[in-house]
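Here is what each chain is made of, one letter per residue.
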Amino acid sequence: MSFEVITALITPFFKSGKVNYKGLCSLIDYQLKNEIDTFVIFGTTGEGATISNKEKYHIIKKLNNDYGLLINLIVGVSQIDTLLAIEEVKYLSKLKIQGFLVLSPTYLKTNEQGVINHFLKIAESTSFLVYLYYIPKRTGQSFSPEILKILKQQKNIRGIKDASNSKKYFEHLLTFQDLNFQIYSGEDASLMEIIKNADGLVSVISNAYPKTIKDIVRLYESNYLDEAQCLFDKISKMIELLFLEPNPIPIKYLMSRILFLTNNYHLPLYYPSEELKKMIDEEMRRLNNEDFIDR
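The sections below set out a description of the structure shown in this document. (Residues numbered from 1 in each chain as written. Predicted model: local features only at pLDDT ≥ 70, side-chain atom pairs only at ≥ 80, totals over all residues. Heavy atoms only, no water.)

### Comments concerning the pattern of salt bridges
In step 1: Enumeration according to the criterion identifies nine salt bridges in this entry.
In step 2: Among the salt bridges present, the one from Glu47 reaches Lys252, with a minimum N-O distance of 2.6 Å. Taken as a pair, Glu47 in the loop between strand 2 (38-41) and helix 2 (53-67) and Lys252 in helix 11 (residues 249-258) lie far apart in primary sequence, 205 residues in all.
In step 3: Residue Glu47 is classed as buried on the basis of its relative accessible area, which comes to 3%.
In step 4: Shared partners join several salt bridges into a network, and the residues in it are Glu35, Lys211, Asp215 and Arg218. (Salt bridge = Lys/Arg side-chain N within 4 Å of Asp/Glu carboxyl O. Helix = DSSP H or I, 4+ residues; strand = E, 2+ residues; numbered from the N terminus. Buried < 20%, exposed > 50% of the residue type's maximum accessible area, 1.4 Å probe, protein only.)

Written out as structure tokens, the structure is:
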């Protein structure tokens, strides 16, 4: 199976805070044009924790109607309360989606059995696929080998997105990899390190440069390793800039410059610093001068 690139979509908002559906469709059209058709929607990058279930349902239903089988949607779930997460999953399971990317509980740090039961109860509430989302720097919660051994036995828990930024931990995760349990990285900067063994990348920068990320993968899989590394090196500075301030603050600013999407956030997320905007603008100009643009 080839390495999969999944875009963790930003969510364009109007100043009122409502989702800018036309802007979201422009982004999806841009992705489809550049051969990416699977998306995490309303995840961390999509500010899902700040959007009501009702609005999520409305948006996904419209996407189902407008795009049908052209796109695959994995819906981010970030509720702290397990019962509220189950309620959200049941509500959104009425729609046509591929599955759910479920974050471990934030703030309410629990013991191992609590983590296990959180994910099992959510997975049992839906027939859709469930992917674990591991990002300890945001949640303060770690996944031990015992947790993973138990959770992967649940038939519809089918993989994990790792955003630990730990090479050692990712290598540990690969020992759990099989046809029914897929390993994805959530770190754009790790692409060249994980492309050989992982199942895919859930990417932030592919919002802006989907073709480039796909081209890197194609070159690598065609055994043009030096060319793949060279192309990655060209975009590595932009990747670094996109994580100098918390995601999705920088990528939303970049997308306002590339696709002219509305650059609005839900508090507590806020606009990037003037210094970071200047650096992103400069790097964008450099890439554009090299005809490095996915249009």
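### Section: the sheet that holds strand 1 (residues 4-8)
In step 1: Pairing is parallel in the closed barrel, where eight strands are placed in the order 1-2-3-4-5-6-7-8. Neighbour to neighbour, the strand axes of the sheet diverge by 25° on average, direction disregarded.
In step 2: Two elements, strand 1 and strand 8 (residues 200-203), share four bridges in a ladder whose sense is parallel. Following the sheet pairing, Glu4 is matched in strand 8 by Gly200. (Pairing = 2+ DSSP bridges. Axes fitted to C-alpha atoms, helices over the stretch in contact; angles between N-to-C directions.)

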